[in-house]
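So you can see what is in the structure, the chains are spelled out below.
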Amino acid sequence: MTFVYGLDERFTSSPHPVVNLACICHSFHYIKRLIETVFVHRFSRGTMPLRNIVKNCLYYWGFAAWLAYYINHPLYTPPSYGKKQINFAVIMFLLCEAGNFSIHVALSDLWRNGSKTCKIPYPTKNPFTWLFFFVSCPNYTYEVGTWISFTIMTQCVPVGLFTLLCFIQMTVWAKDKHCTYLREFKDYPSHRMPIIPFLL
């Protein structure tokens, strides 16, 4: 938009298809999350504190606007390796999204039939859940993978910074969850790591 970038009408549309692709992938990710919130996730509490809603909205909307500003910028340059880099990133993105969804379904199934008892999550027949063999929170592993692929797709520094912040936050959450599992279950698999197999 000309009033955002201060340029004339010649620069109102990007010549790079990856810009539209990035918009589609970004939107798909959050639409998927909204659908999962309604149909997949099981919440221990029915409400969220108002301050969390405000904080979450500022975080997600703020970062979405910041990333969009740079990806849609008239001076944006596409990835160095062109279509090969973009296609690789899209495949990685879709695989991580599928993995993230599969883990959420597997976790939701633990609470089926109104069960309130906490259980150890294990891999199912779905290959995407096999990451449970190695980590306690593969949903976060896949989520980080999604944003790494988005960074590769756009080759944009602000996206990389956002990915780094996501990784730090999800590592904190994964470690907390991992400690909870270890505390509650004496027979919890000892070889599992919180978020990165064999490392972290």
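Residues numbered from 1 in each chain as written. Predicted model: local features only at pLDDT ≥ 70, side-chain atom pairs only at ≥ 80, totals over all residues. Heavy atoms only, no water.

- An unreviewed UniProt entry lists the protein chain under the name Very-long-chain enoyl-CoA reductase, from Lonchura striata.
- The UniProt entry for the protein chain carries the following text under Sequence similarities (unreviewed entry): "Belongs to the steroid 5-alpha reductase family."
- Reading the Subcellular location (unreviewed entry) entry of the UniProt record for the protein chain gives the comment "Membrane". (UniProt positions renumbered as here; feature names shortened; annotations may be inferred.)

**Observations regarding the nonpolar core**
Then step 1. In terms of nonpolar packing, the biggest core is built from 25 residues, with V18, I71, W147, F150, M153, V159 and F162 touching the most fellow members.
Then step 2. Of all the elements in the fold, those that place two or more residues in this core are α2 (17-39), α3 (50-71), α4 (82-109), α5 (138-154) and α6 (157-184).
Then step 3. Sequence-distant contacts of W147, that is, excluding residues within four places in its chain, are made with H26, H29, Y30, F162, T163 and C166.
Then step 4. Formed by seven residues, the second largest nonpolar core is a distinct cluster that contains C96, I103, A106 and Y142. (Core = buried A, V, L, I, M, F, W, Y, C linked by side-chain atoms within 4.5 Å. Buried < 20%, exposed > 50% of the residue type's maximum accessible area, 1.4 Å probe, protein only. Helix = DSSP H or I, 4+ residues; strand = E, 2+ residues; numbered from the N terminus. Contact = heavy atoms within 4.5 Å.)

**Here's the deal with unusual backbone geometry**
Note: most peptide bonds trans; most residues except glycine with negative phi.
Then step 1. Phi is positive for Q155, which is not a glycine, with a value near 50°.
Then step 2. Tracing the backbone shows Q155 in the loop between α5 and α6.
Then step 3. Residue Q155 is classed as partly exposed on the basis of its relative accessible area of 37%.
Then step 4. For F198, which is not a glycine, the phi torsion comes out positive at approximately 70°.
Then step 5. Structurally, the position occupied by F198 is in the segment after α6.
Then step 6. When its relative accessible area of 66% is taken as the criterion, F198 is described as exposed.

**Quick look at a nonpolar patch on the surface**
Then step 1. Among the surface-exposed residues, V4, W66, Y69, Y70, V157 and L161 lie close enough to one another that they form a single nonpolar patch of about 520 Å² accessible area.
Then step 2. For the nonpolar patch, the elements supplying multiple residues, two or more each, are α3 and α6.
Then step 3. Considering every element that reaches the nonpolar patch, the biggest residue donor is α3, with three residues.
Then step 4. With respect to the secondary-structure elements, W66 resides in helix α3. (Patch = residues over 30% accessible without salt bridge, like charges linked within 9 Å, V, L, I, M, F, W, Y side chains within 5 Å. Areas by Shrake-Rupley, 256 points an atom, 1.4 Å probe, with all protein chains shown as cover. Salt bridge = Lys/Arg side-chain N within 4 Å of Asp/Glu carboxyl O.)

**Let's talk about the pattern of salt bridges**
Then step 1. Overall, the coordinates contain two salt bridges when judged by the stated rule.
Then step 2. Among the salt bridges present, the one from E36 reaches K32, with a minimum N-O distance of 3.1 Å. Here K32 and E36 lie together in helix α2, a separation of four residues that amounts to about one turn.
Then step 3. Relative accessible area serves as the criterion here: at 1%, E36 is assigned to the buried category.
Then step 4. A salt bridge links R33 to E143; the shortest N-O distance between them is 3.6 Å. Placement of the pair is R33 in helix α2 and E143 in helix α5, with a sequence separation of 110 residues.
Then step 5. Judged by relative accessible area, which is 27%, R33 ranks as partly exposed.
Then step 6. Taking the relative accessible area as the measure of exposure, E143 reaches 7% and is therefore buried.

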